Each structure stands twice: as structure tokens, then as C-alpha cells.
Amino acid sequence: MATFDTIDDIPTDSRVLVRLDLNSPIEDGEPQTNRRFERHAETVRELAEAGHRVVLLAHQGRPGRDDFTSLAGHAAILSERVGRDVAFVEDTYGEAALSAVDALDAGEVLLLENARMCDDELPEESPEAKAETEFVRTLAPRFDAYVNDAYSAAHRKHASLVGFPLVLPAYAGRVMETEYEANTAIATREFDGPVTMVVGGTKATDVIGVMDALDDRVDRFLLGGVAGELFLRAAGHPVGHDVGGTDLFDEQWEANRELIESVLDERGDALRLATDLAYEGADGERAEVAVNDIDEKEAGYLDVGSETVAAYEPAVRESDAVFVKGALGVFEDERFADGTVGVLEAIAGADCFSVVGGGDTSRAIEMYGMNESDFSHVSIAGGAYIRALTGEPLPAVEVLEAAAGRQ
Ligand SMILES: Nc1ncnc2c1ncn2[C@@H]1O[C@H](COP(=O)(O)OP(=O)(O)O)[C@@H](O)[C@H]1O
Ligand SMILES: O=C(OP(=O)(O)O)[C@H](O)COP(=O)(O)O
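Residues numbered from 1 in each chain as written. Chains lettered and ligands numbered in written order. Predicted model: local features only at pLDDT ≥ 70, side-chain atom pairs only at ≥ 80, totals over all residues. Heavy atoms only, no water.

**Thoughts on the overall build of the protein**
At step 1: A tally of regular secondary structure across the protein gives 16 helices and 17 strands.
At step 2: Here the C-alpha atoms of the protein give a radius of gyration of 23 Å, agreeing with the 22 Å that 2.2 N^0.38 yields for 407 residues.
At step 3: Expressed along its principal axes, the backbone C-alpha trace of the protein runs to roughly 70 × 45 × 35 Å.
At step 4: By the burial criterion, 54% of the 407 residues in the protein qualify as buried.
At step 5: Across the protein, the fraction of contacts at a sequence separation of at least 24, relative to all contacts at a separation of at least 6, is 74%.
At step 6: Accessible area for the protein stands at about 16900 Å²; split by element, carbon and sulfur atoms hold 42% of it.
At step 7: Positive and negative charge centroids in the protein, built from 34 and 81 side chains respectively, lie 4 Å apart. (Helix = DSSP H or I, 4+ residues; strand = E, 2+ residues; numbered from the N terminus. Rg over C-alpha atoms; globule rule 2.2 N^0.38 Å. Buried < 20%, exposed > 50% of the residue type's maximum accessible area, 1.4 Å probe, protein only. Contact = heavy atoms within 4.5 Å. Areas by Shrake-Rupley, 256 points an atom, 1.4 Å probe, with all protein chains shown as cover. Lys, Arg positive; Asp, Glu negative; His and termini not counted. Charge placed at Lys NZ, Arg CZ, Asp CG, Glu CD.)

Okay, structure coming up:
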């Protein structure tokens, strides 16, 4: 269990600075609504209803990229989700921002401009250095408390994440609390029965690192996606390399070959590899082939096959805990959703503790009409989820814990 203080511990009538992670996909310059708004809305609503003055800090994109935008649109979406007005000021710690902060009444909510528009925010430095920045030194004195709800950004040593908790009493928001507890469960909780991890997606380097780190915590890995194909390659099948303009496999194979081979060698018994794969047939329909019948990879494989899904489902049902990292196929295309959806539905119907992580994979839950409440936790974190699974510390969580020790 984390040892941080939570928003239940904030003294009444406080001026509270809250770090959220509203980083979202941007289309035509506008943020697209997603789970992050819905989840953070709970923390914001609770703080406002408690009568605090609530000022929100967040970021969007990275400087130089297309998704680096103002947070004006985020304020509108958040306002809808919270069910009360979320004012927005196009400034982070200048005159306009400070006046807006000072003008707030009890229960009012204000979102400041994208923190990454300030030079002090981004370079990763120690919490002590970040606490010394003009950004932190200017804003902090306006507040009685700092809340970090941005679990999904907690792997970054940015001013808004690690600077403020050094100089203000600091607390975890509801998202921080629930994400932390669920995502560290694989390393910290004892389960009575088998622990299963579903491993897929495109970022094979990430998930293979997770598999290696969780070696002794996981009883079986169900593989699919790009990572699954690389393991099939290591097992001697002529798959797991790029064909026809794809560039997902060869580079990742070169980078991870030794690790893949050693995981296969040492944990072979715990690994379930696909026995059949799906691809786009000549008629454009889904076609399947048994892995043992593949003499040469000629098509891109886009899902695990139906025999594999039928084998993975009971493995899920027998588990006491299931953690998901990455999709088993290109579920965005209905023809190749069977693996991902079949396994997610088996988890939803099973009596087990379950965590589904990764922004892309968790999207399959709503795309295919599954109920989020049938899972113990659907994470809104990507990089931070990976780090939690591999047991790497999250700097923004560490400073919250240190703050609790001082409070
Ligand atoms: N065999 C495959 N070939 C190409 N893409 C795949 C394959 N299997 C899964 N994917 C893609 O992987 C994506 C999810 O992977 P990833 O980004 O690693 O996970 P997440 O964002 O959920 O952490 C999905 O969008 C899916 O289309
Ligand atoms: O969306 C985020 O992370 P994610 O893509 O790992 O889920 C966070 O907002 C961190 O963003 P960053 O990776 O630009 O620092």
C-alpha cells in the first residue's frame, strides 16, 4: 500500500492546486473526450463539493508536435463531466493566471493553461531543482495544498509533478489512489490461484521487459500481437518478421532477441503461444492458418486464430487474477477483433481480480460494448502502467510519499 495522504486529509476551506493528466488525442485541433476526463472529474467534483477553491494544472502534447495545444477545449469537456463550471485562463503563472486564482470563491474550479507552455515545466530534474523554478515559486504561495491525481504522468520529473509537493502539503487524488493500488497489485498482492498476464500490442520492447521483470509473479502468459509473433519466431516458426511494407517486427526482434530467447528458454512452460493466426484473405475476408502449417510468412498476421482464442478463454476463467497489457490483434478492424474481444469477454465473465492497461487496449472495451464495471480496474495510464508492472519507481509518487512523512 502506498503511504501517501489523500484528499480526505485536506483541511477544510483550502486553496488547492490539483495536477491532472488530461493529455488526449487531438483531432482537427480539438481534444477528443476519453476516460481521463471522466475519472479526474470525480476528484475535481469531490474537492469542489467539499468547498475548496480548486485550481487545475495539466498538460497537452509536447512542444513541437501537432498535439501541443491550449487546454481551452479540455476545460469545456471537463466541465460537462464534473457537472459544474470549469473556468479557463489562457495563462499558467503570469498576471492573468494569478488574478484568476485570487478571484476564486469556495467551490469554484479554474483550469490553467497547458503547463508545458512554461519553460520551467519540462526539463526532467530533481524535485529539489523543480521546487526552485519560478513556476513553482510563483504559484505555490497562492495555495494551502497540492493534489496529484496525474498517475499516468507520474513517471515524469516535471515541475508540476515533483516541484510543488516539496513546498506544499501534498495529497493523492482519487485517480492516483485507485491506479496506484490496482497497478501495483501484481507485485504486491498475494493471490490464491493462478495469475495470468495477457501480452500483446505493438510495443514488444515494453511488454517483453514486463514479462522478464514479472517472471516469478505470473503463472502464465497468453501471447498475441507483435510480441506473440516474435516469440513464435524464437520458437522456430517462420513468422515474426516484416513483410509487405510493415515495420513492426525486424527492429524489435534485433533489439530483444536475446531477452525473448532467454524468457522462452527459462519460462517456456508458462508461455502460451498462438497455435493459429488470422490474416486478410484474397477476398478481403478474415482467413486463418495453423502456425504449424506456415512454411513462409507471406501475409501480415493481424489476430490470433479461433483455436488460440478457444484455448486462452479457459486459461482466463481458471485464473485468480488477470493483467492485460496490449491487444491480441488489430481489434480496430472488426475482422481482427476476435482474439482481443474473446479474451476480454472471458475476463469480464470470470470471477477474478482483473486489470486492463494501455490506452489502446482499453478502448476495445467500449468499442465492443463491454461493461467497464466487469473489470476490477481499467487503467488510464500507458507508460506509468508499464513502469508499475516492472516495479520501477514513479518519481511523482515518491515525492507524495515523502510529503506524507513530513505532514
Ligand atoms: N498483429 C498485430 N499487428 C499489428 N498491430 C497489432 C497487432 N496486434 C495488435 N496490434 C495493435 O496493437 C495496438 C495496441 O498496442 P499497444 O499500443 O502496444 O497497446 P496499448 O496502447 O494498449 O498499451 C492496437 O491498436 C492493435 O491494433
Ligand atoms: O499520456 C501520457 O502518457 P501515456 O501515453 O504513456 O499514457 C502522459 O500524459 C505522459 O505524457 P508524455 O509521455 O508526453 O510525458
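**Description of empty space enclosed by the protein**
At step 1: Taken as a whole and judged by the stated rule, the model has 1 cavity of 30 Å³ or more.
At step 2: Reported here for the largest cavity is a volume of approximately 40 Å³.
At step 3: Residue contributions to the lining of the largest cavity peak at 4 residues, all from helix α13 (residues 338-349).
At step 4: Class assignment of the residues belonging to the lining of the largest cavity gives a composition of 6 nonpolar, 4 polar and no charged. (1 Å grid on protein atoms, 1.4 Å probe; cavity = no way out; pocket = protein on both sides within 12 Å on 5 of 7 lines; lining within 4 Å. Points joined across faces, edges and corners; volume = space filled by probe spheres on them. Nonpolar A, V, L, I, M, F, W, Y, C, P; charged D, E, K, R; others polar.)

**Observations concerning the sheet that holds strand β8 (residues 170-172)**
At step 1: As summarised here, the arrangement of the 6 strands in space is β5-β6-β4-β1-β7-β8, forming an open sheet in which the pairing is parallel. Since the sheet does not close on itself, it has two edges, and those belong to β5 (86-88) and β8, each with one partner. Shown here is a sheet whose adjacent strand axes are inclined to one another by a mean of 25°, direction ignored.
At step 2: Across 4 bridges, the pairing between strand β1 (residues 15-19) and strand β7 (residues 145-148) is parallel. The partner of L17 across the bridge, within β7, is Y146. (Pairing = 2+ DSSP bridges. Axes fitted to C-alpha atoms, helices over the stretch in contact; angles between N-to-C directions.)

**With respect to the nonpolar core**
At step 1: Among the nonpolar cores identified, the biggest contains 110 residues, and F164, M197 and F323 are the most heavily contacted of them.
At step 2: Counting residues per element, this core draws most heavily on α13, at 6 residues.
At step 3: Looking at which domains feed residues into this core, each of domain 1 (7-176 + 393-406) and domain 2 (185-389) supplies at least three.
At step 4: Among residues more than four places away in sequence, those in contact with F164 are L17, L57, F135, V136, L139, A140, Y146 and A159.
At step 5: One finds L22, A58, A75 and V82 within the second-largest nonpolar core, a separate group that totals 25 residues. (Core = buried A, V, L, I, M, F, W, Y, C linked by side-chain atoms within 4.5 Å. Domains from an automatic or database assignment.)

**Some thoughts on the confidence of the model for the protein**
At step 1: On average, residues of the protein score 96 in pLDDT, and 100% of them reach the 70 mark or higher.
At step 2: The secondary-structure element of the protein with the lowest mean pLDDT is helix α8 (residues 185-188), recorded at 86, while β1 shows the highest, at 99.
At step 3: Taken together, the chains of this predicted complex give a pTM of 0.93 and an interface ipTM of 0.94. (pLDDT = per-residue confidence, 0-100.)

**What to know about the UniProt feature "binding site: substrate" (unreviewed entry) in the protein**
At step 1: The residues that UniProt annotates with the feature "binding site: substrate" (unreviewed entry) are D21, L22, N23, R36, H59, Q60, G61, R62, R116 and R156.
At step 2: Of note, L22 is situated in the loop between β1 and β2 (26-27).
At step 3: Excluding its chain neighbours within four sequence positions, the residues that come into contact with L22 are F37, H40, A58, H59, Q60, H74 and L78.
At step 4: On the secondary structure map, Q60 appears in the loop between β4 (53-57) and α2 (72-82).
At step 5: A relative accessible area of 0% places Q60 in the buried class.
At step 6: If we ignore the near neighbours within four places in the chain, the residues touching Q60 are L22, N23, S24, I26, D67, F68, T69, L71, H74 and N114. (UniProt positions renumbered as here; feature names shortened; annotations may be inferred.)

**Overview of the pattern of salt bridges**
At step 1: For the structure shown, the criterion picks out 26 salt bridges.
At step 2: Residues R39 and E372 are paired through a salt bridge, measuring 2.4 Å at the closest nitrogen-oxygen approach. Within this pair, whereas R39 is found in helix α1 (residues 35-49), its partner E372 is found in the loop between α14 (359-367) and β17 (377-378), the two being separated by 333 residues in sequence.
At step 3: With a shortest N-O distance of 3.0 Å, R137 and E132 are connected by a salt bridge. E132 carries the same exposure label as R137, and that label is exposed. (Salt bridge = Lys/Arg side-chain N within 4 Å of Asp/Glu carboxyl O.)

**Observations regarding the site of ligand 1**
At step 1: Around ligand 1 there are 17 residues in total, and T202, K325, E332, D360 and T361 lie nearest to it.
At step 2: In this structure, K203 approaches ligand 1 through a side-chain N or O atom, which is 3.1 Å from an oxygen atom.
At step 3: Note that an oxygen atom of ligand 1 is positioned 3.0 Å from one of the side-chain N or O atoms of D360.
At step 4: A total of 3 residues in the shell around ligand 1 trace back to one element, the largest contributor, which is α14.
At step 5: The residue inventory of the shell around ligand 1, partitioned by class, reads 5 nonpolar, 8 polar and 4 charged. (Near = heavy atom within 4 Å. Polar contact = N/O pair within 3.5 Å; in protein donor to acceptor, adjacent residues only side chain to side chain.)

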